[in-house]
Amino acid sequence: MAKQLHPSCIIPFERSMRISSKIGFWGSGNMASAMMRRLLNKQVVKPQQLYCISEFGRGAGAFAKETGANTCGNSSSDLIAASDILVLAFKPQQLETQAAQIAEINNRLVLSILAGTSLEKLKKHIPNAGILVRTMPNTPGRIGEGLTAYCSRNQLENSDREALMAILGSLGEVIEIEEALMDVHTAVSGSGPAYVFEMIAALAEAGEKEGLTPYLALKSAKQTVLGAAALAKQADDPPEELRNQVTSKGGTTAAGLQAMADGNFRDLIHQTVREAKLRSIEMGKE
Ligand SMILES: NC(=O)c1ccc[n+]([C@@H]2O[C@H](COP(=O)([O-])OP(=O)(O)OC[C@H]3O[C@@H](n4cnc5c(N)ncnc54)[C@H](OP(=O)(O)O)[C@@H]3O)[C@@H](O)[C@H]2O)c1
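Given the structure is predicted, the values throughout are model-derived calculations rather than measurements.

1. Observations concerning the nonpolar core
- Counting residues in each nonpolar core, the largest one holds 34 residues, and the members touching the most others are Ile23, Phe25 and Leu50.
- Elements that contribute at least two residues to this core include exactly strand S2 (23–26), helix H1 (30–41), strand S3 (50–53), helix H2 (58–67), strand S5 (85–88), strand S6 (108–112), strand S7 (130–136) and helix H7 (158–169).
- The element best represented in this core is H7, accounting for six residues.
- Other than its neighbours up to four places away in sequence, Phe25 contacts Ala32, Met35, Met36, Leu39, Leu50, Tyr51, Cys52, Ile53, Leu79 and Val87.
- In terms of nonpolar packing, the next biggest core, distinct from the first, is built from 27 residues, Ile53, Ala82, Val110 and Leu132 among them.

Rendered as structure tokens:
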């Protein structure tokens, strides 16, 4: 049975931690560029400490030109040579197609953000890695409101832990979890923002169908979700209690909640998370 998370495991990032390491991003797509931007915005590193590559070099080149970071084009061996820390930020399927290049990594702190890719699989591909850390960030990290879980197969030295916290902390909160929880964490928190965006879109669409202008419907949906999430985060009360505080007997919210219950809302969300978790497990086997 996997250990449950204790709230003290959640480490908020409150101050800018500067590190002197050179960080190489293997991939410069959505998540990698979001992470690199946060590292620069929070002044965790200077642009000269960042190195990046992309499949054809163009994406990495454009990022480097815009930010002053270094690019190694599409040369993974140059990236390995230049970096103290490597962040694997390509698609999980690309692990197999780049096996020979990845196997060259030696004696580095390696952070993987590859969904569904186990530490065991990473170790098989990078036998001489040094320290291997599996992480799962989410897209609100782009604005420092993310939640990133990590697990490692090695005992982390203080210097590695500090670098790890500086990198992941620039995205928001950080939690250490057992690897057995990574698939469900991915399903809830990695994919979770997409469910909430879908909720915002659905709420806006419903508002529009019931008479709001498109502008007002979207504005109301966004601000309502933001306000409710901020209140849920700040309040000591559980979400059910906050829900009850909005709900008077025979009132409008009660009528709306009844429709959600009739539509098996909780079962639907459970099914959503379960499917995402199963997919994460499946991807780990591919
Ligand atoms: N998006 C999310 O919400 C999210 C959340 C958590 C974790 N992740 C994980 O983050 C990783 C990246 O996802 P993403 O959404 O950022 O994907 P993406 O935007 O498609 O970026 C993938 C990057 O990998 C590069 N790449 C592909 N093959 C390469 C090669 N042979 N050598 C060097 N670079 C190569 C691509 O280069 P080109 O630009 O040349 O194509 C691109 O820069 C995935 O493993 C995913 O599981 C994503």
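Once you've had a look at it, read on.
2. Quick look at the packing of helix H9 (residues 192–209) against helix H10 (residues 214–234)
- Close contact between H9 and H10 brings their axes to 8 Å; oriented N to C, the two are set at 140°. Accordingly, the angle class assigned to the pair H9 and H10 is oblique. Regarding H9 and H10, the two cross each other, and that crossing is right-handed. Counted together, Val196, Ile200, Leu203, Ala204, Gly207 and Glu208 of H9 and Pro214, Ala217, Leu218, Ala221, Lys222 and Val225 of H10 form the full contact between these two elements.
- In the contact of H9 with H10, the residues fall into nine nonpolar, one polar and two charged.

3. Comments concerning the domain arrangement of the protein
- Looking at the assigned domains, one finds that the protein contains domain 1 (12–185) and domain 2 (192–285).
- Taking only C-alpha atoms into account, the centre of domain 1 sits 32 Å from that of domain 2.
- Interface area, domain 1 with domain 2, both sides summed: about 730 Å², of which 55% is carbon and sulfur.
- Between the two partners, domain 1 and domain 2, sit one salt bridge.
- Among the salt bridges present, the one from Glu173 reaches Lys233, with a minimum N-O distance of 3.5 Å.
- At the boundary of domain 1 with domain 2, the tally comes to two residue pairs in polar contact (both at pLDDT 80 or more).
- Partitioning the side of domain 1 that touches domain 2 into residue classes produces four nonpolar, three polar and four charged.

What counts, and where the lines are drawn
- Residues numbered from 1 in each chain as written.
- Predicted model: local features only at pLDDT ≥ 70, side-chain atom pairs only at ≥ 80, totals over all residues.
- Heavy atoms only, no water.
- Core = buried A, V, L, I, M, F, W, Y, C linked by side-chain atoms within 4.5 Å.
- Buried < 20%, exposed > 50% of the residue type's maximum accessible area, 1.4 Å probe, protein only.
- Helix = DSSP H or I, 4+ residues; strand = E, 2+ residues; numbered from the N terminus.
- Contact = heavy atoms within 4.5 Å.
- Axes fitted to C-alpha atoms, helices over the stretch in contact; angles between N-to-C directions.
- Parallel < 35°, antiparallel > 145°, perpendicular 65-115°, else oblique.
- Left-handed = near helix turned anticlockwise from the far one by under 90°.
- Nonpolar A, V, L, I, M, F, W, Y, C, P; charged D, E, K, R; others polar.
- Domains from an automatic or database assignment.
- Buried area = accessible area lost by both parts, 1.4 Å probe.
- Salt bridge = Lys/Arg side-chain N within 4 Å of Asp/Glu carboxyl O.
- Polar contact = N/O pair within 3.5 Å; in protein donor to acceptor, adjacent residues only side chain to side chain.

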